[in-house]
Amino acid sequence: MAQSTSFSKNISDYAVNLMARSVFGLFLSLPYETRIRTAGWVFSNIVGPLSGARKRIRKNLAIGWPDMPKDQVEALCRSVPGQFGRSIIEIYSGAEFADRVKDITPLGPGVAHLAKARAENRPIIFVTGHFGGYDVPRSYYLHDGMPIGGLYRDMANPYFNAHYVKAMCTLAEPMFPRDRRGMGKMIKFLKSGGTIALLTDQYNHEGELVTFFGQPTRTAMSAAELALRYDALLMPIYTIRQPDGLSFEVHLEEPIAHSDPVTMMQSYYDSLEKRVRANPDQWLWIHRRWRPERDGAAPTTIDSVV
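Predicted model only: the values in this text are computed from it and were never measured. Within each chain, residues carry numbers counting from 1 in the order of the written sequence. At least 70 in pLDDT is required for a residue's local features to be given in this predicted model, at least 80 for side-chain atom pairs to be given and counted, and no such filter applies to totals for whole chains, interfaces and linings, which use all residues. Side-chain calculation: all heavy atoms of the structure are included, whereas hydrogens and water are not.

Enquirer: What's the story with the sheet that holds strand E1 (residues 124-128) in this structure? I'm lost.
Expert: Strand pairing in a sheet relies on backbone hydrogen bonds. The paired strands run either parallel or antiparallel. Strand pairing is assigned whenever DSSP detects at least two bridges linking the two strands. The way it works is that DSSP assigns letters per residue, a run of H or I at least four long becomes a helix, a run of E at least two long becomes a strand, and they are numbered from the N terminus. Strands sit in the order E3-E2-E4-E1-E7-E8 across an open sheet of six strands; the sheet is mixed. With one partner strand each, in any of the chains shown, strand E3 (175-177) and strand E8 (248-252) form the two edges of the open sheet. Strand-to-strand twist of the sheet, defined as the mean angle between neighbouring strand axes without regard to direction, takes the value 30 degrees. Only heavy atoms matter for contacts: two residues are in contact if any of them lie within 4.5 Å across the pair. With axes taken as lines fitted to C-alpha atoms, and helix axes fitted only over the stretch in contact, angles between N-to-C directions fall between 0 and 180 degrees. The sheet contacts of helix H9 (residues 180-191) involve E1, strand E2 (148-152), E3 and strand E4 (195-199), and relative to E3 the element is tilted by about 145 degrees.

Enquirer: It is not clear to me how the packing of helix H2 (residues 32-51) against helix H4 (residues 70-92) should be interpreted in this structure. Could you clarify?
Expert: Angle between the axes and distance between the axes: these two values describe a pair of packed helices. Contact pair H2 / H4: the axes reach a minimum separation of 7 Å and the direction vectors enclose 135 degrees. By the angle between their axes, H2 is oblique relative to H4. The way H2 lies across H4 gives a crossing that is right-handed. Where H2 approaches H4, its residues Tyr32, Arg35, Ile36, Arg37, Ala39, Gly40, Phe43, Ser44 and Gly48 are matched on the opposing element by Arg78, Ser79, Pro81, Gly82, Phe84, Gly85, Arg86, Ile89 and Glu90. Class assignment of the residues belonging to the contact of H2 with H4 gives a composition of seven nonpolar, six polar and five charged. Roughly parallel covers angles under 35 degrees, roughly antiparallel covers those over 145, roughly perpendicular covers 65 to 115, and oblique covers all other angles. The crossing is said to be left-handed when, going from far helix to near helix, the turn is anticlockwise and less than a right angle, and right-handed when the turn is clockwise. Put simply, Ala, Val, Leu, Ile, Met, Phe, Trp, Tyr, Cys and Pro go in the nonpolar bin, Asp, Glu, Lys and Arg in the charged bin, and everything else, Gly too, in the polar bin.

Enquirer: How should the pairing of strand E6 (residues 215-219) be read in this particular structure?
Expert: Taken residue by residue, a regular strand's side chains alternate between the two faces of the sheet. A 1.4 Å probe rolled over the protein chains alone gives each residue an accessible area, and that area as a share of the maximum for its type sets the label: buried under 20%, exposed over 50%, partly exposed in between. For E6, the tally of buried residues reaches five of five residues, placing the bulk of the element in the interior. Here E6 shows two buried faces, one formed by Gln215, Thr217 and Thr219 and the other by Pro216 and Arg218. Bridge analysis of strand E5 (residues 208-212) against E6 gives five bridges, and the strand direction is antiparallel. The partner of Phe212 across the bridge, within E6, is Gln215.

Enquirer: Would you mind going over the packing of H4 against helix H8 (residues 158-171) with me for this structure?
Expert: The N-to-C vectors of H4 and H8 enclose an angle of 70 degrees; their axes lie 8 Å apart at closest approach. Compared by their axis directions, H4 and H8 come out roughly perpendicular. Every residue of H8 that contacts H4 at Ile88, Ile91 and Tyr92 is listed here: Phe160, His163, Tyr164, Ala167, Met168 and Leu171.

Enquirer: I'm lost on the side chain of Thr195 in this one. Help?
Expert: Relative to the helices and strands, Thr195 resides in strand E4. The contacts of Thr195, once residues within four sequence positions are left out, are Ile124, Phe126, Met146, Pro147, Ile148, Gly149 and Phe189.

Enquirer: Help me understand the environment of Gly296 in this model?
Expert: Summarising the element assignment, Gly296 is placed in the segment after helix H12 (292-295). Along the chain, Gly296 and Thr217 lie 79 residues apart, while their C-alpha atoms are 8.8 Å from each other. Setting aside residues up to four positions removed in sequence, Gly296 forms contacts with Gln215, Pro216 and Arg291.

Enquirer: I tried to follow H2 on my own but got confused; where do I start?
Expert: The α-helix advances 3.6 residues per turn, and as a result positions three or four apart in sequence lie on the same side. At every residue, the bend is computed as the angle between two fitted axes, covering the seven residues ending there and the seven beginning there respectively. Helix geometry: H2 is bent most strongly at Phe43, by close to 40 degrees. Along H2, the residues classified as buried are Tyr32, Arg35, Ile36, Ala39, Gly40, Val42, Phe43, Ser44 and Gly48. Of the residues one or two after H2, Gly52 is the one with positive phi, at around 85 degrees.

Here it is as structure tokens:
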């Protein structure tokens, strides 16, 4: 029975991957600007509704932003999957995407701190979330002579995972798998004065409680713990997609002061919340970021907006 179930899953994974590769192939056959806009439209109007993404977005907004007007909620249900689609195809666009972002001028108070840390060969940890063009800094800083190490978790579909990891590595390296060996290599890279970027906005069952949008949620402490252990600069970085849907601004904020891990990660979440409130369509509201059944403080009206 187990063997039959495993076989069925393999067939299903293979079929899903085949469909995805076919669609991505069609996108990549288009000129760059048309490709990105088309991917955004398809994910907004087809993938979003069929995948259940709109339902998850409504649930998350009911928890984190319950007073958002209904018309804005529905607008986000359309725009957020579109942003995600653009980001995916940008990763697969490799050199064309890299050429688009190589001339960006990073902004913000963190720019001077970053320059000082680089001059001192001090380890640097960028913290960010699934916000805007979150893969832009890896590509930009590689061109600027500062490779940024990235950490990734293998996807459940092994067929899709193989080419997705390859696409991420083509865009910028080094990339480290989220396993014991990968973590060891990443720490060695960091200790040598390297720079890593961590996406730290997903729920972590073993994490500590912080507050995000006024709600308790659990997050990993690893970014802060590594910063403390190796005296690394811990800096929030955000890439904001511009109204044309194709270009970006990179913003470096003030480094987070070293204290204790929970305080440091709370500072990061306060920073991320401000960015999301300013540009709510650019954060990936699809992730199940809050678990009120475990952590409490859930609104009682959630079912009315699903």
